[in-house]
Amino acid sequence: MSAHATPVDLADPASLAALAVAIKDWGHALGFAEVRIADVDLSHREAGFQAWLDKGYHGEMDYMASHGLKRARPAELVPGTVRVVSVRMPYLPAATDPDQADWRAREEARSADPSAAQVSIYARGRDYHKVLRARLQQLATRIEGRIGSFGYRVFTDSAPVMEVALAEKAGLGWRGKHTLLLHREAGSMFFLGEMLTDLPLPVDDPVTPHCGQCSACITACPTGAIVAPYELDARRCISYLTIELKGSIPADLRPLIGNRIYGCDDCQLYCPWNKFAQRASLPDFDPRHGLDSASLVDLFGWSEEQFLKNTEGSAIRRIGHERWLRNLAVGLGNAADSPSHRGDAAIVAALRTRLSHPSALVVEHVAWALARHGAA
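Note that this is a predicted model, so its numbers are computed, not measured.

1. As for the overall build of the protein chain
Of the regular secondary structure elements, the protein chain holds 16 helices and ten strands. For 376 residues, the compact-globule formula gives about 21 Å, and the C-alpha radius of gyration of the protein chain, at 22 Å, lands near that figure. For the protein chain, the spread of C-alpha atoms along the three principal axes comes to 75 × 40 × 40 Å. Summarising the internal contacts of the protein chain: among those between residues at least 6 apart in sequence, 76% fall at separations of at least 24.

2. A short note on helix α15 (residues 345-352)
For α15, the full list of buried residues reads I347, V348, A350 and L351. Projected onto a plane normal to the axis of α15, the buried residues spread over an arc of 160° and lie on a single side. If you follow the buried residues of α15, they end up packed against α12 (296-300), α14 (320-334) and α16 (360-372).

3. Re the pairing of strand β7 (residues 190-197)
Here β7 lies mainly inside the structure; eight of its eight residues are buried. In the sheet, strand β2 (residues 83-90) pairs with β7 via eight bridges, with the strands oriented antiparallel. The partner of M89 across the bridge, within β7, is F191. Bridging between strand β4 (residues 152-155) and β7 involves four bridges; their strand directions are antiparallel. Residue pairing in the sheet places R153 in a bridge with L196 of β7.

4. Let's talk about the sheet that holds strand β1 (residues 34-39)
Pairing is antiparallel across the open sheet formed by four strands, whose spatial order is β1-β2-β7-β4. One side of each edge strand has no neighbouring strand; the edge strands of this open sheet are β1 and β4. Between one strand and the next, the sheet's axes are offset by a mean angle of 20°, whatever the strand orientation. Each of β1 and β2 touches helix α1 (residues 13-29); the most contacted strand, β1, lies at about 140° to it. Against the sheet, helix α7 (residues 163-170) contacts β1, β2 and β7, and its axis sits at roughly 95° relative to β1.

Criteria and thresholds
Residues numbered from 1 in each chain as written. Predicted model: local features only at pLDDT ≥ 70, side-chain atom pairs only at ≥ 80, totals over all residues. Heavy atoms only, no water. Helix = DSSP H or I, 4+ residues; strand = E, 2+ residues; numbered from the N terminus. Rg over C-alpha atoms; globule rule 2.2 N^0.38 Å. Contact = heavy atoms within 4.5 Å. Buried < 20%, exposed > 50% of the residue type's maximum accessible area, 1.4 Å probe, protein only. Arc of directions from axis to C-beta. Pairing = 2+ DSSP bridges. Axes fitted to C-alpha atoms, helices over the stretch in contact; angles between N-to-C directions.

Following this line, the structure appears as structure tokens:
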């Protein structure tokens with residue numbers, strides 16, 4: 001315990017309220033745009049989660065089912081937990097020039113460019129898991145410095161925790177029809193993290209939902225993955241297909257992926273609330289290695305060594321070079337949908353360099369892409 005630590009009287013509401021205020025102040029100083037607190041009763045979410053699993057919408061994400069309803073019961077994950085300190089951190093990179101002022105227009109233009117490699121905005125910089133976990137740990141250390149040891153664990157998309165449901169309960173926003181969290185003043189372009197703790201802090205109120213009759217995200221989804229409001233079939237989601245799926249991408253879905261090679265932002269891109277999306281306050285999420293401007297051909301040319309070097313500290317590294325090439329082959333094949341790019345010599349030549357790749361998965365998708373260009 002720090003020499004300046006003062007144990008909190010857990011029976012004194014005023015003492016706990018003061019600590020909650022301090023936690024929020026410390027969180028803001030660490031780069032979190034908002035810090036709120038909730039209890040951890042998610043029993044109202046259990047039936048819906050089980051129904052989602054029963055439909056098989058989680059696909060190959062076995063980890064979604066392996067813990068069963070424990071995912072909705074944080075106190076079973078971390079015994080003694082009574083509260084969650086839920087945080088959000090914006091990741092939309094700071095605009096560095098006037099051309100990036102309207103980020104949505106820029107992203108729409110890149111999605112429409114058959115030669116462009118479209119990487120989801122959140123993945124262009126440093127791995128958010130590392131950034132948020134480190135900041136949450138610093139927050140826990142600040143708390144320990146004030147009150148001494150206490151029970152806690154910090155997470156960000158890294159444990160069987162229903163973080164959107166917890167964030168919604170804490171009042172960080174409401175669940176949109178695309179199943180992501182929405183905020184009236186920040187849209188959805190932010191990461192979530194949480195600290196499960198045994199401190200009985202005062203809780204914040206949830207906010208009311210504001211999607212109304214809007215269905216922009218449902219209409220925008222290229223693969224029809226949002227099968228109903230608030231219901232996502234991950235097996236059709238481009239983020240799942242390009243990141244979570246380990247094997248062959250279903251042939252009927254490949255043409256719908258377009259040039260999206262890692263994740264997809266479309267449901268967020270066309271959400272009206274994202275006109276309020278906030279810029280990141282940290283440089284960690286600035287694009288690296290030209291991932292906001294690279295071409296499909298350029299990235300397809302990365303050797304495995306280059307891939308590992310250029311994705312060091314990035315969330316992209318988790319898919320490995322083989323799936324990286326698989327995804328890029330699909331993007332290159334889809335360039336054939338544009339008359340000006342069908343049979344493009346540079347694209348065909350790039351694809352042919354991988355026909356002798358040792359991975360059958362890569363070769364399969366390369367052959368598909370060449371056939372699309374009439375160059376099989």
